[in-house]
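# Structure at a glance
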Amino acid sequence: MKILVTGGAGFIGGNFVHYMVNNYPDYDIVNLDLLTYAGNLETCKPVEDKPNYKFVKGDIADRSFIYDLFEKEKFDIVVNFAAESHVDRSIEDPGIFVQTNVLGTTVLLDASKEFGVKRYHQVSTDEVYGDLPLDRPDLFFTEETPLHTSSPYSSSKASADLFVLAYYRTFGLPVTISRCSNNYGPYHFPEKLIPLIISRALADEELPVYGDGANVRDWLHVYDHCVAIDLIIHKGKVGEVYNVGGHNERTNLEVVKTILKALDKPESLIKYVKDRPGHDMRYAIDPTKLETELGWKPKYTFDTGIQQTIQWYLDNKEWWENIISGEYRNYFAQMYKDRVE
Ligand code: NAD
Ligand code: TYD
């Protein structure tokens, strides 16, 4: 079995590459990544010498490159993680989100159709469902919830999902889609909330909380996400969407305070800053389908997962210090300069 993993030098794709290389020694895992600002070969270090692993640098939106690669490698399964993934960046520059997330996905779909891929799996997000109100804790996203996006990021992901489903219906391409909630865990790029707060709190820097910090996210440990994708690509039904999330809702403020407590840092580091435009209020997944049809059960609760994650950042300072000492400093200065009220 030969599996193409795109975006495997990023956060979730990197964790998935580790998971597959180690759990399936008889599969060949090919990691294709453009190495954008979010891609980091250091993330692939633990598997780079394994005989069943190979890295290829390239762009999923580059049609002739992708066709050549598919013709040569004859993949059985494609798992597409490659994307622009940060909502704040999509507000600054939507174009690259259309290019990679929409066009790039259609190039992979065409190549999968052309070269007889047996399963195309699209890694999507619960953000395609829009948001839920804070005063209706009884509501959850199911696979039937209508798509209703808020940001250029989520719109690009929803658009890609529609293409994936169209290739199933129109061309019979064997596809599956997973829509997961906010992931956290090792190798998470420090522009996202949890690693940003951990790295800045350790340096005793101000911690930017958008608005009043009451927005709710449903946190999923990246390991449990990898297990879900493993189940879906092996046992999931083609043409189906599976939601992935484990009922771990927390307000942003709760998340920040949990990290501060674990690191023994004062809450006075918290700084409320200007809200994100169009900021989604609450995400919450109903994972019943994945649990009942495929037997998925998460290993981590938020309480156990966040402690494991904090410990990983303490034990792997070099990985994230290399990132935040480079171009990232300009990003932070630029992105946060207008937020200070
Ligand atoms: P990430 O930003 O950490 O990694 C993305 C990776 O894709 C990087 O390695 C980057 O170099 C690569 N990439 C970008 N453009 C590319 C291109 N044109 N060709 C090839 N490679 C390219 O993202 P992540 O957080 O690991 O997210 C992975 C996937 O999961 C994305 O599709 C994202 O939409 C989805 N997702 C993420 C979350 C989350 O909480 N992080 C939640 C739901 C869904
Ligand atoms: P983020 O990690 O960007 O993920 P997403 O926008 O995809 O949910 O943000 C998680 C939540 O944290 C979101 O409600 C925005 C908020 N947030 C802050 O309050 N401060 C920050 O500096 C960042 C990056 C996010």
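The structure reproduced in this document is the subject of the present report. (Residues numbered from 1 in each chain as written. Chains lettered and ligands numbered in written order. Predicted model: local features only at pLDDT ≥ 70, side-chain atom pairs only at ≥ 80, totals over all residues. Heavy atoms only, no water.)

### Thoughts on the site of ligand 2
With respect to spatial proximity, 18 residues lie near ligand 2, and among them Glu127, Arg217, Arg276, His279 and Tyr336 are the closest. Backbone polar atom of Leu193 to an oxygen atom of ligand 2: 2.9 Å apart, as the coordinates give it. Tyr210 is positioned with one of its backbone polar atoms (N or O) 2.9 Å from an oxygen atom of ligand 2. Counting only elements with at least two residues in the shell around ligand 2, the list comes to α6 (193-202) and β8 (207-210). (Near = heavy atom within 4 Å. Polar contact = N/O pair within 3.5 Å; in protein donor to acceptor, adjacent residues only side chain to side chain. Helix = DSSP H or I, 4+ residues; strand = E, 2+ residues; numbered from the N terminus.)

### Re the pairing of β8
Burial along β8 is two-sided: the residues Leu207 and Val209 and Pro208 and Tyr210 are all buried. Sheet topology places β8 next to strand β13 (residues 270-273); four bridges connect them, and they run parallel. Opposite Pro208, over in β13, you have Lys271 as the bridge partner. (Buried < 20%, exposed > 50% of the residue type's maximum accessible area, 1.4 Å probe, protein only. Pairing = 2+ DSSP bridges.)

### Looking at the sheet that holds strand β1 (residues 2-6)
Read across the open sheet, the seven strands follow the order β3-β2-β1-β4-β5-β6-β11; overall the sheet is parallel. Since the sheet does not close on itself, it has two edges, and those belong to β3 (53-57) and β11 (240-244), each with one partner. For this sheet, the mean angle separating the axes of adjacent strands, direction not counted, is 20°. Where β1 meets strand β2 (residues 28-33), five bridges bridge the pair, whose relative direction is parallel. Paired with Thr6 across the two strands is Leu32, which belongs to β2. Across the sheet, helix α7 (residues 222-235) is in contact with β1, β4 (77-80), β5 (119-125), β6 (175-180) and β11; its angle to β5 comes to roughly 145°. (Axes fitted to C-alpha atoms, helices over the stretch in contact; angles between N-to-C directions. Contact = heavy atoms within 4.5 Å.)

### Quick notes on the packing of helix α4 (residues 95-114) against helix α5 (residues 152-171)
Interhelical geometry of α4 versus α5 gives an angle of 15° and a closest axis separation of 8 Å. Taken as axis vectors, α4 and α5 run roughly parallel relative to one another. The interaxial crossing formed by α4 with α5 has right-handed handedness. In this structure, α4 contributes Phe97, Asn101, Val102, Thr105, Thr106, Leu109, Asp110 and Lys113 to the contact, and α5 contributes Tyr153, Ser156, Lys157, Ser159, Ala160, Phe163, Val164, Tyr167 and Phe171. Partitioned by chemical class, the residues of the contact of α4 with α5 number nine nonpolar, five polar and three charged. (Parallel < 35°, antiparallel > 145°, perpendicular 65-115°, else oblique. Left-handed = near helix turned anticlockwise from the far one by under 90°. Nonpolar A, V, L, I, M, F, W, Y, C, P; charged D, E, K, R; others polar.)

### Considering the site of ligand 1
Around ligand 1 sit 28 residues, and of these Ile12, Asp33, Ser85, Tyr153 and Lys157 come closest. Measuring from a nitrogen atom of ligand 1, one finds a side-chain N or O atom of Thr100 at 3.5 Å. Lys157 is positioned such that a nitrogen or oxygen atom in its side chain is 2.7 Å from an oxygen atom of ligand 1. Taken together, the elements giving at least two residues each to the shell around ligand 1 come down to α1 (11-23), β5 and α5. It is β5 that provides the largest number of residues to the shell around ligand 1, a total of three residues. Residue composition of the shell around ligand 1, by class: 13 nonpolar, twelve polar and three charged.

### Looking at the pairing of β11
Counting buried positions over the five residues of β11 gives four, a clear majority of the element. Sheet analysis places β6 next to β11, joined by five bridges and oriented parallel. By the bridge assignment, Ile177 is partnered in β11 with Val241.

### Let's talk about the side chain of Thr6
Take Thr6: it is sitting in strand β1. A distance of 3.1 Å separates the side chain of Thr6 from the backbone nitrogen of Phe81, its partner in a polar contact. The residues touching Thr6, leaving out its near neighbours within four places in the chain, are Leu32, Ile60, Val79, Asn80, Phe81, Ala82 and Leu108.

### Here's the deal with the packing of α6 against helix α8 (residues 252-263)
Relative to each other, α6 and α8 sit at 40°, their axes nearing to 10 Å. Of the two elements, α6 crosses α8, and the hand of that crossing is right-handed. Residues Leu193, Ile194, Ile197, Ile198, Ala201 and Leu202 of α6 touch α8, and the partners they reach there are Asn252, Val255, Val256, Ile259, Leu260 and Leu263. Partitioned by chemical class, the residues of the contact of α6 with α8 number eleven nonpolar, one polar and no charged.

### As for the state of the cysteines
What the rule picks out here adds up to zero disulfides. Of all cysteine sulfurs, the one in Cys180 lies closest to Cys226, which takes part in no disulfide; the gap is 10 Å. (Disulfide = S-S within 2.5 Å.)

### A closer look at empty space enclosed by the protein
Using the criterion set out here, one finds three cavities of 30 Å³ or more in the structure. Looking at the largest cavity, its volume works out to about 50 Å³. Around the largest cavity, the lining residues are Val87, Ile91, Glu127, Ser150, Ser151, Arg217, Arg276, Pro277, Gly278, His279, Asp280 and Tyr283. Broken down by class, the residue content of the lining of the largest cavity amounts to four nonpolar, four polar and four charged. (1 Å grid on protein atoms, 1.4 Å probe; cavity = no way out; pocket = protein on both sides within 12 Å on 5 of 7 lines; lining within 4 Å. Points joined across faces, edges and corners; volume = space filled by probe spheres on them.)

### Regarding the side chain of Glu191
Relative to the elements of secondary structure, Glu191 occurs in the loop between β7 (183-184) and α6. Classification of Glu191 as buried rests on a relative accessible area of 3%. There is a polar contact of 2.7 Å between the side chain of Glu191 and the side chain of Arg89. Other than its neighbours up to four places away in sequence, Glu191 contacts Tyr37, His86, Arg89, Leu196, Tyr328, Tyr331 and Tyr336.

Honestly, that's just the spatial picture; any functional story needs more than this.
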